[in-house]
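Okay, here's what each chain looks like letter by letter:
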Amino acid sequence: TAQCSKKLHHVSLERLYKRICIRKDPVYHSNIWYIDCSWTTVSGYRSLHKREDQNDYIIHLKLDRLIQSLQNVKYSSLVKEVIILDKVFNYEDSNEQLLDLIETLEDKAKNIEVLDVPDSLLKAVSITSPKKIVTDDIDQIKETKNLKSLTIQLHSNTEERFPSVLPSLNNLEELILIDE
C-alpha cells in the first residue's frame with residue numbers, strides 16, 4: 001500500500017496545484033454535478049450565517065497556507081492557471097495577501113499559462129510567461145512575451161491605446177474582444 005500511496009500522491013499533487021481559483025464565496029456542492037472538480041478553490045467560510053470578518057479570516061488562513069506551500073519549487077512549478085474572481089475580501093486592506101500571492105507566483109511559479117486577476121491586482125503583476133490574460137486594461141500586457149490568448153473588455157479609449165501594445169503581441173493566436 002505504501003507504493004500505491006506514493007503514486008496517488010504524485011498524481012494528486014499535479015491536479016491540486018495545476019488550476020487554482022480564489023474566490024470570496026465557496027462553490028456549493030451538489031450530488032447532481034461536480035462544478036468545481038477541475039479546480040483547487042480557495043474560498044471563504046461555508047455557512048449561511050457567516051460574518052464578513054469570519055469569511056475574510058478563513059480566506060486569509062487558506063491563502064497563507066497556499067503561499068507557504070508555493071515557496072517550494074516542487075509545488076510552484078506545477079501551477080498552470082491562476083484565477084482570482086473579483087473582490088475576494090470584504091475589507092480593502094486585506095488585499096495585501098493577494099499581492100503577496102502574486103509576488104510569490106512571480107518569484108517561484110515559472111510555468112503559468114493563464115492569469116485571470118482583477119485589473120486592480122493586474123497592475124502589480126510582472127509575470128511575463130502567461131499564455132492567456134483576461135483584462136480590460138491593455139497597458140498591463142506590454143511586457144508579456146509568450147501571450148497566445150488575450151481577452152479584452154472594451155472601453156471608449158481602448159482603440160487609442162491598442163497600437164502601443166501591438167509590438168508585444170507577435171505570438172498572439174486568439175484575441176477576444178468583449179463589448180458590453
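Structural data are supplied above this passage.
Residues Ile 22, Leu 63, Leu 66, Val 79, Ile 84, Leu 101 and Leu 105 are the most contacted members of the largest nonpolar core, which totals 24 residues. Listed by contribution, the elements that provide at least two residues to this core are α1 (2-18), β1 (19-22), α2 (52-70), β3 (81-84) and α4 (96-108). A total of five residues in this core trace back to one element, the largest contributor, which is α2. When residues no more than four places from it in sequence are discounted, the contact partners of Leu 101 are Ile 22, Leu 63, Leu 66, Ile 67 and Leu 70.

As a further point, take the packing of aromatic side chains. Within this structure, the stated rule accounts for one aromatic pair. The ring centre of Trp 39 lies 3.8 Å from the NZ or CZ of Arg 19, which sits over that ring.

A word on the pattern of salt bridges. Applying the stated rule across the entire model yields two salt bridges. Across the salt bridge formed by Glu 81 and Arg 19, the nearest N and O atoms sit 3.2 Å from each other. Placement of the pair is Glu 81 in strand β3 and Arg 19 in strand β1, with a sequence separation of 62 residues. Note on Glu 81: relative accessible area 17%, which makes it buried. You can call Arg 19 partly exposed: its relative accessible area is 22%. Linking Asp 53 and Arg 51 is a salt bridge whose minimum nitrogen-to-oxygen distance equals 3.0 Å.

Once that is clear, we can look at the packing of α2 against α4. In contact at an axis separation of 10 Å, α2 and α4 are set at 15° when each is read in the N-to-C sense. If you check the angle between α2 and α4, you find them roughly parallel. As α2 packs across α4, the resulting crossing turns out to be left-handed. Contact residues: α2 offers His 60, Leu 63, Asp 64, Leu 66, Ile 67 and Leu 70, while α4 offers Gln 97, Leu 98, Asp 100, Leu 101, Thr 104, Leu 105 and Lys 108. Of the residues contributing to the contact of α2 with α4, the split by class is seven nonpolar, three polar and three charged.

This paragraph deals with the pairing of strand β6 (residues 149-153). Side-chain direction in a regular strand flips from residue to residue, so the side chains alternate between the two faces of the sheet. For β6, the buried fraction is high: four of the five residues fall into the buried class. Judged from the five bridges that link them, β6 and strand β7 (residues 174-178) form a sheet pairing that is parallel. Paired with Ile 152 across the bridge in β7 is Leu 177.

This paragraph deals with α2. A rise of 1.5 Å per residue sets the reference length of α2, with its 19 residues, at 27 Å; its end C-alpha atoms lie 27 Å apart and thus fit the reference within 8%. Of all the positions in α2, only Asn 55, Asp 56, Ile 59, Leu 63, Leu 66, Ile 67, Ser 69 and Leu 70 are classed as buried. The arc enclosing the buried residues of α2, seen along the axis, measures out at 160°, which places them on a common side. Among the exposed residues of α2, those pointing more than 90 degrees away from its buried face are Tyr 57 and Arg 65.

Conventions and cut-offs
- Residues numbered from 1 in each chain as written.
- Predicted model: local features only at pLDDT ≥ 70, side-chain atom pairs only at ≥ 80, totals over all residues.
- Heavy atoms only, no water.
- Core = buried A, V, L, I, M, F, W, Y, C linked by side-chain atoms within 4.5 Å.
- Buried < 20%, exposed > 50% of the residue type's maximum accessible area, 1.4 Å probe, protein only.
- Helix = DSSP H or I, 4+ residues; strand = E, 2+ residues; numbered from the N terminus.
- Contact = heavy atoms within 4.5 Å.
- Phe/Tyr/Trp six-rings, centres within 6.5 Å; stacked < 30°, edge-to-face > 60°.
- Lys NZ or Arg CZ within 6 Å of the ring centre and 35° of its normal.
- Salt bridge = Lys/Arg side-chain N within 4 Å of Asp/Glu carboxyl O.
- Axes fitted to C-alpha atoms, helices over the stretch in contact; angles between N-to-C directions.
- Parallel < 35°, antiparallel > 145°, perpendicular 65-115°, else oblique.
- Left-handed = near helix turned anticlockwise from the far one by under 90°.
- Nonpolar A, V, L, I, M, F, W, Y, C, P; charged D, E, K, R; others polar.
- Pairing = 2+ DSSP bridges.
- Expected span 1.5 Å × (residues − 1).
- Arc of directions from axis to C-beta.

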